Amino acid sequence: MLRYILRRLLLLPLVALGVTFLLFFLTQRLSPEMRASLYIKDPRQMGALEEVIQKYGLRDNVFKQYGRWLSGALQGDLGYSHSANMPVSQAIKEYLPATIQLAVVTIVLVVFFGVWFGVVSAVKKDKWQDVCARLISVGGFSLPIFVLGLLLLMLFYGKLGWFPPGGYSVSTDVIVHSPAFHSYTGFLLIDALLNGNFKVFLDVLRHLVLPAVTLCIGSFALMVRVMRSSMLEELGKDYVRTARAKGLPEHAVVYRHAGKNAVIPVITLAGIQFIRLLGGTVIVETIFDYPGIGRFGVTAAQQLDIAGIMGFSLMVAVLFVLGNLVSDVLYTAVDPRIKLSD
Amino acid sequence: MDAREDIILSVENLHICFRNGEEKTEVLRGLSYQLQKGKVLAVVGESGCGKTVHALSILKLLPPGGEITAGRILYQGQDILSLSGEELRKLRGAQLAMIFQDPMTSLNPIRTIGKQLVETILAHTSCSRLRARARAVHLLKKVGIPNARQRLNEYPFQFSGGQRQRIMIAMALCLNPSVLIADEPTTALDVTIQAQILKLIKKLQRQSAMAAVFITHNLAIVADIADEVLVLYGGYCVERAEVKNLFAQPMHPYTQGLLGSLVSLKRKEEHLPAIEGYPPAPGTPEQGCPFAPRCPYAADQCRRVLPPLVEHNGHTVRCWWVEQNEISCGN
C-alpha cells in the first residue's frame, strides 16, 4: 500500500511536466511581439518592445524558454502574475485555501444529501419520495449554476436578507489582516476557531453558505442518481436477502448492509467532483465575490497572464493526481476486497 | 403420540403468483404439507417447478413481484402471513432459519464473517457483544472451520465456497431454530464438498432435533437425509411419501422417471436414461395433468382433467393412471 502510494507520487512530476509543457507550447503560438506587449502597460512605450523580447529571450527556442520556466518552478519561483499583481506562488497560497474550504463544505453537503436522497429514492422506488428526490435532482441538474446562484442571491440576500451578497465584512477583513490574528492553516474557518475569534468564524461561515449551497445543488443530482441505481442493484443481491432472513431490522438491512456496499461507486464520483470543484468554482466565486483560486485562474486567462495560467494549471494537475490517489486509498478503507498492489 | 401436537410447520393450499404489470404467472398451485418436529421433508423437482419460491415464501422473502395469492403458512399454529413486520423479524433467523443456494453471493462481501454472525445473535438476544462473539467462535468450530477465533475477522472472499456454506450453516444455527429451510444448499458446490456439507447438515439436524425443509433437485441427496419426500411438478405436488416407500415403489410416472434417470455404477448403459420432453413453462394454463405431455401412460382424461391427490398405500399421488391401475402399483 505504501509502495503503491509512493509509486503514484513518483508519477506526479511526469504528469505535471506533461501538462505544463503542453500549455507552454500552446502559449508559444502567440508571436513574441504579442507576448512582449503584455509586459508593457503604457502604449507610449511600445518602442521598448524589442528590448523586452531580448530581455526575456522570447524569441528563443520553445524548449529553452520552457527550461527557463521549469528551472524557476523547481526553485519555487512560478513567475510574477501581473493579473493578480503578486508572485504566482503567493497568489496560490492566498486564494487556494478559500477554494478548498468552499469545496470541502460543498462536497460534504453533496455526499450527505446525495447518499441520503439516493437511499430513500431506492428504498421507496416509484413512491412519492422517489419521485420528489428525482424531480429535485433533475431540477438541480438542469438549472445552470449562474441562474441558480443569482436566484438564491435574489431570494436570500435581496428579499430575506439572511445571507450577505459576497466579500467578507470589513470588520472581518480588518481582524484577519491584523497582526494579532495568526494564520495557522490559511483556512479562515479553522484559523478563526484556533484564534478563538467566534465572530470571524460566523462571518466566514455565513459567506460560505450560499456559494456552497449553489454548488451543492448543481452537483448533487449526479450523486443521487449514482447512489440510487447502486442502491437498487445492491438491494436485489443475495446477501440482502440473507440479512433479512437472519431477522435483522430493516434499517440495518438497508444502511449497514446494502448502503455500505452501494456507497463504493459514490466515492469515485465524490473524488472527481471534489477535484472539479477545486478548479471549477469560477462562476460561483464570481457571482458571490468569493476570493478563491478559480477567479484567479480566469482573470489570468482573460488577461493572457502566462505565468498565472501556467501556475494555475500546474496546481490543478497536482491536485488532480492527489485527489485520485486519495479516492483510491479511500476505496481500500471501504472495500476489503481491494488491495492496492505494490 | 399425537401427531397434531407435533406439527411445527404446516403449509395449506399455498398459491404463489408472479405479477409483471397486468400479466400474472402462477408458479405454485395449491401446495399443502405438514412438517413434524425433528423431521426432514425433502421437496424435489426440476427447475421452475416452484420449489425455491415456496421456500422463500415461508419466510416471506419473495422477490418483488411475487405474491402469495391464497393459502396459509402456519408455524406452531400461527399464520406467518398475518404477522406484523416486527413479529416476522423476530421469527426469522431465530425460529425459522434459512440456508441459500449460492454461498458465494449470500454473504455480505465487505463485512467480516464475525460481524455477520454476531449481528444475527444480537438481533434476537440481549447478550453482550463478547458473549455473542464467543458463541460465533463456538459455532464456527462446530461447522468445521479451523482457527475459528482468527478467522472471525476475515471477509467472505478469504473463504472457499464450501467454507462459506459452512459459515451460512453456522449463521442459520446461531439461535437454535426449530425449523431449518435449506434451499439447494449444495447445488453451487462441487461433488466432494457436497457430500461433506450434507453430512454436516444431517449431523447438526440430528443433534438439535431440528425440523427441516430440504429443497433439492437431486434425488440422490434425498435418500440420505429426508424422512419424507414431496415431489413437485409444474407447481403441483404430484407425489408425497415416506422416503423408503418412495424409493422402493415410486407411483407417479414422473417420480418413476426421476428415479429411472439416476445414474448407477452397477448398470452399464450407452445412454443416460431421461424423461422425454421439457417441464412446462411456469404459468402454463391449468388444464389436465401437468405431466401429461411427457407421460408414457397419458390418456385422454389426463389431458382434460387435473387428477386429485389421493392416498394409495402410504403414498399421496396425483395421477389418473395410478388411480385406475392400483393393482399394478400395489402388491
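Quick caveat, the model's predicted, so the values are computed rather than measured.

Q: Teacher, can you tell me more about the overall build of chain B here?
A: Helix and strand content of chain B: 14 helices and 12 strands. In terms of overall dimensions, chain B is globule-like: its C-alpha atoms have a radius of gyration of 21 Å, near the 20 Å expected for 331 residues. Each principal axis of the C-alpha atoms in chain B carries an extent, and together these give about 65 × 50 × 45 Å. Taking all contacts inside chain B whose residues are at least 6 apart in sequence as the whole, residues at least 24 apart take part in 64%.

Q: Help me understand the overall build of chain A in this model?
A: Along its length, chain A carries 16 helices and 2 strands. Its C-alpha atoms give chain A principal-axis dimensions of about 85 × 55 × 40 Å. Burial status across chain A gives 35% buried among its 342 residues. Excluding contacts between residues fewer than 6 apart, the proportion of contacts in chain A whose partners are at least 24 apart in sequence is 72%.

Q: For this particular structure, what's the right way to read the confidence of the model for chain B?
A: Regions with low pLDDT should not have their predicted coordinates read in detail. With 95% of its residues at a pLDDT of 70 or more, chain B shows a mean pLDDT of 87. Across chain B, helix α4 (residues 113-124) of chain B holds the top mean pLDDT of 94, while helix α14 (residues 326-329) of chain B sits lowest at 52.

Q: Just checking my understanding: could you explain the nonpolar core for this structure?
A: Side chains of a nonpolar character, in soluble globular proteins, are inclined to be buried together. Ranked by internal contacts, the top residues of the largest apolar core, which has 164 residues, are Ala-42 and Ile-181 of chain B. Per-element tally for this core: the top contributor is helix α5 (residues 88-123) of chain A, with 17 residues. Setting aside its immediate chain neighbours within four residues, Ile-181 of chain B contacts Ala-55, Ile-58, Leu-59, Leu-96, Met-98 and Val-213 of chain B.

Q: What's the story with helix α2 (residues 51-58) of chain B in this structure? I'm lost.
A: Since one α-helical turn is 3.6 residues long, residues separated by three or four positions face the same way. Of all 8 residues that make up α2 of chain B, 7 are buried, and the element is covered over most of its length. Backbone geometry just after α2 of chain B places Lys-60 of chain B at a positive phi near 55°.

Q: Quick question: what am I supposed to make of the pairing of strand β4 (residues 66-75) of chain B here?
A: Both faces of the sheet carry side chains from a regular strand, because those side chains alternate between them. All names here are of chain B. Pairing between strand β1 (residues 7-20) and β4: 8 bridges, direction antiparallel. Its bridge partner being in β4, Ser-10 is matched across the sheet by Leu-74. Bridging between β4 and strand β5 (residues 78-79) involves 2 bridges; their strand directions are antiparallel. What sits directly across from Tyr-75, in β5, is Gln-78. Taken together, β4 and the strand that follows it, β5, pair antiparallel across an intervening segment of 2 residues, in which Gln-76 is found at a positive phi of about 50°.

Q: What's the story with the environment of Lys-203 of chain B in this structure? I'm lost.
A: All names here are of chain B. In this structure, Lys-203 sits in helix α8 (residues 191-208). Using a count of 13 C-beta atoms within 10 Å as the deciding quantity, one classes Lys-203 as partly exposed. Sequence separation between Lys-203 and Val-143 is 60 residues; the distance between their C-alpha atoms is 9.9 Å.

Q: When you look at the interface of chain B and chain A in this model, what are you seeing that I'm missing?
A: One widely used convention gives an interface's size as the accessible area the parts lose upon coming together. Each partner contributes residues to the interface: chain B has 23 residues there, and chain A has 18 residues. Listing elements by their share of the side of chain B that touches chain A, those giving two or more residues are α3 (85-91) and α4 of chain B. In terms of residue count, α4 of chain B provides more of the side of chain B that touches chain A than any other element does, 4 residues in total. Across the side of chain B that touches chain A, the residue classes break down as 12 nonpolar, 6 polar and 5 charged.

Q: Help me out: how do you make sense of the sheet that holds strand β12 (residues 315-318) of chain B in this one?
A: Whether parallel or antiparallel, the strands of a sheet pair through hydrogen bonds between backbone atoms. Residue and element names in this part refer to chain B. Taken together, the 8 strands give an open sheet; going across it, the order is β6-β7-β8-β3-β9-β10-β12-β11, and neighbouring strands pair in mixed fashion. The open sheet is flanked by β6 (96-99) and β11 (309-312), the only strands paired with a single partner. When the angles between neighbouring strand axes are averaged without regard to direction, this sheet yields 20°. Pairing analysis gives 4 bridges linking β11 to β12, with the strands arranged antiparallel. Directly across from Leu-309, in β12, lies its bridge partner Arg-318.

Q: For this particular structure, what's the right way to read unusual backbone geometry?
A: Peptide bonds are, in most cases, trans, and in most cases residues other than glycine have a negative phi. Residues and elements named next belong to chain B. In this structure, Lys-60 takes a positive phi of about 55° despite not being glycine. One can find Lys-60 in the loop between α2 and β4. Classification of Lys-60 as partly exposed rests on a count of 17 C-beta atoms within 10 Å. At Glu-184, a residue that is not glycine, the phi angle is positive and equals roughly 45°. Note that Glu-184 resides in the loop between β7 (179-183) and α8.

Q: I would appreciate a short explanation of the domain arrangement of chain A in the present structure.
A: Residues and elements named next belong to chain A. When cut into domains, chain A gives domain 1 (16-86) and domain 2 (89-334). Distance from the C-alpha centre of domain 1 to the C-alpha centre of domain 2: 35 Å. Facing 18 residues of domain 1, the contacting portion of domain 2 comprises 19 residues. In terms of residue count, helix α1 (residues 2-27) provides more of the side of domain 1 that touches domain 2 than any other element does, 6 residues in total. For the side of domain 1 that touches domain 2, the residue count by class is 10 nonpolar, 7 polar and 1 charged.

Q: What is the right way to read the packing of helix α6 (residues 128-142) of chain A against helix α10 (residues 198-235) of chain A from this model?
A: A pair of packed helices is captured by two measures, namely the crossing angle of their axes and the spacing between those axes. All names here are of chain A. Running from N to C, α6 and α10 point in directions that differ by 135°, and their axes come no closer than 7 Å. When the axis of α6 is compared with that of α10, the two are oblique. At the point where α6 passes α10, the crossing takes the left-handed sense. Two secondary-structure elements touch here, α6 through Ala-133, Ser-137, Val-138, Gly-140 and Phe-141 and α10 through Ile-217, Gly-218, Phe-220, Ala-221, Val-224 and Arg-225. Here the contact of α6 with α10 is composed, by residue class, of 7 nonpolar, 3 polar and 1 charged.

Q: What is the right way to read the sheet that holds β4 of chain B from this model?
A: Residue and element names in this part refer to chain B. Across the sheet, 4 strands lie side by side as β2-β1-β4-β5; this open sheet has antiparallel pairing. Two strands lie at the open edges of the sheet, namely β2 (23-36) and β5, each paired on one side alone. Those strands touched by α2 are β1, β2 and β4, and its axis lies near 115° from that of β1.

Q: Explanation requested: the packing of α5 of chain A against α6 of chain A in the structure shown.
A: Residue and element names in this part refer to chain A. Where α5 meets α6, the closest approach of the two axes is 8 Å, and the angle between their N-to-C directions is 140°. Put simply, α5 runs oblique to α6. As α5 packs across α6, the resulting crossing turns out to be left-handed. Only Gln-129, Asp-130, Ala-133, Arg-134 and Ser-137 of α6 make contact with α5, whose side of the interface consists of Phe-117, Val-120 and Ser-121. Classifying every residue of the contact of α5 with α6 gives 3 nonpolar, 3 polar and 2 charged.

Q: Whenever I open this one, the confidence of the model for chain A confuses me. Can you help?
A: With 99% of its residues at a pLDDT of 70 or more, chain A shows a mean pLDDT of 85. Taken element by element, chain A is modelled with least confidence in helix α8 (residues 170-177) of chain A, mean pLDDT 74, and with most confidence in helix α11 (residues 238-245) of chain A, mean pLDDT 94.

Here is what the cut-offs are and how they apply
Residues numbered from 1 in each chain as written. Chains lettered and ligands numbered in written order. Predicted model: local features only at pLDDT ≥ 70, side-chain atom pairs only at ≥ 80, totals over all residues. Helix = DSSP H or I, 4+ residues; strand = E, 2+ residues; numbered from the N terminus. Rg over C-alpha atoms; globule rule 2.2 N^0.38 Å. Contact = placed C-beta atoms within 7 Å. Buried ≥ 20, exposed ≤ 12 C-beta atoms within 10 Å, placed from the backbone. pLDDT = per-residue confidence, 0-100. Core = buried A, V, L, I, M, F, W, Y, C linked by C-beta atoms within 7 Å. Pairing = 2+ DSSP bridges. Nonpolar A, V, L, I, M, F, W, Y, C, P; charged D, E, K, R; others polar. Axes fitted to C-alpha atoms, helices over the stretch in contact; angles between N-to-C directions. Domains from an automatic or database assignment. Parallel < 35°, antiparallel > 145°, perpendicular 65-115°, else oblique. Left-handed = near helix turned anticlockwise from the far one by under 90°.

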